Amino acid sequence: KEILSAINDLPDQSRKVFKMSYLYEMKNKEIADILGISLRTVEAHMYKALKYLRGRLDPLWAILFLFLWRL
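Since the model is a prediction, treat every value here as computed from it, not as a measurement.

Here we come to the overall build of the chain. Tallying secondary structure elements over the chain gives four helices and zero strands in all. Its helices and strands taken in sequence order, the chain reads α-α-α-α from the N to the C terminus. Each of the 71 residues in the chain was classed as buried or not, and the buried ones make up 24%. Across the chain, every contact between residues at least 6 apart in sequence was considered, and the portion connecting residues at least 24 apart equals 53%. For the chain, the accessible surface area stands at approximately 5,600 Å², while carbon and sulfur atoms represent 61% of it.

Laid out in structure tokens, this is it:
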């Protein structure tokens, strides 16, 4: 639930690029062609999206690690 919320909070274009790449497994070139943007712009949106998601979801990984470590 938290992951989907974080994805939905991305800026529109970054969210589109991220979903096309990770959820629909499209190549960057395909994404660029469909959205009518350059390959470099796709890469920039992916970088921005991943940076945001790592920062927002990082505390969840720490909690999960601590929980699993205690088992």
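Let's pick the thread back up.
A cluster of nonpolar residues, Tyr-22, Leu-23 and Tyr-24, forms a patch on the protein surface that exposes about 380 Å² of accessible area. By the element assignment, Tyr-22 lies in helix H2 (residues 12-23). Taking relative accessible area as the criterion, Tyr-22 reaches 46% and is therefore assigned partly exposed.

Turning to H2, a few remarks are in order. For H2, spanning 12 residues, the distance from its first C-alpha to its last is 15 Å, which sits close to the expected 16 Å at 1.5 Å a residue. Along H2, the residues classified as buried are Ser-14, Val-17, Phe-18, Met-20 and Ser-21. Around the axis of H2, the buried residues are gathered within 165° of arc, so they sit on the same side. Counted as exposed and oriented over 90 degrees from the buried face of H2: Asp-12 and Leu-23. Just downstream of H2 lies Glu-25, where phi reads positive at about 55°.

A word on the nonpolar core. The tendency in soluble globular proteins is for nonpolar side chains to be buried side by side. Ile-7, Leu-10, Val-17, Phe-18, Ile-31, Val-42 and Leu-53 are the most contacted members of the largest nonpolar core, which has 14 residues in total. Those elements that provide at least two residues to this core are helix H1 (2-8), H2, helix H3 (28-35) and helix H4 (39-70). With five residues, H4 is the largest single contributor of residues to this core.

The rules behind the values
- All chains use their own residue numbering, which begins from 1 and follows the written sequence.
- Per-residue local features are limited, in this predicted model, to residues with pLDDT of at least 70; the limit for side-chain atom pairs, both in listing and counting, is 80 or more; totals at the level of whole chains, interfaces and linings are taken over all residues.
- Side-chain measures here rest on the full set of heavy atoms in the structure, leaving out hydrogens and waters.
- By definition, any uninterrupted DSSP run of H or I lasting at least four residues is a helix, any uninterrupted run of E lasting at least two residues is a strand, and each is numbered from the N terminus.
- Summary of the burial criterion: residues with accessible area below 20% of their type's maximum are buried, those above 50% are exposed, and those between are partly exposed, where the area comes from a 1.4 Å probe applied to protein chains only.
- Contacts are assigned to residue pairs with any non-hydrogen atoms lying within 4.5 Å of each other.
- Here, Shrake-Rupley sampling with a 1.4 Å probe gives the accessible areas, and only protein chains in the shown set may cover a residue.
- Patch definition: residues with relative accessible area over 30% and no salt bridge; like charges joined within 9 Å; nonpolar side chains (Val, Leu, Ile, Met, Phe, Trp, Tyr) joined within 5 Å.
- We define a salt bridge as a contact between a side-chain nitrogen of Lys or Arg and a carboxyl oxygen of Asp or Glu at a distance within 4 Å.
- Multiplying 1.5 Å by the helix residue count minus one yields the expected span of that helix.
- The arc under discussion is defined with respect to the helix axis, by the directions toward the C-beta atoms.
- Only buried Ala, Val, Leu, Ile, Met, Phe, Trp, Tyr and Cys residues count toward a nonpolar core, and they belong to the same one when joined by side-chain atoms within 4.5 Å.

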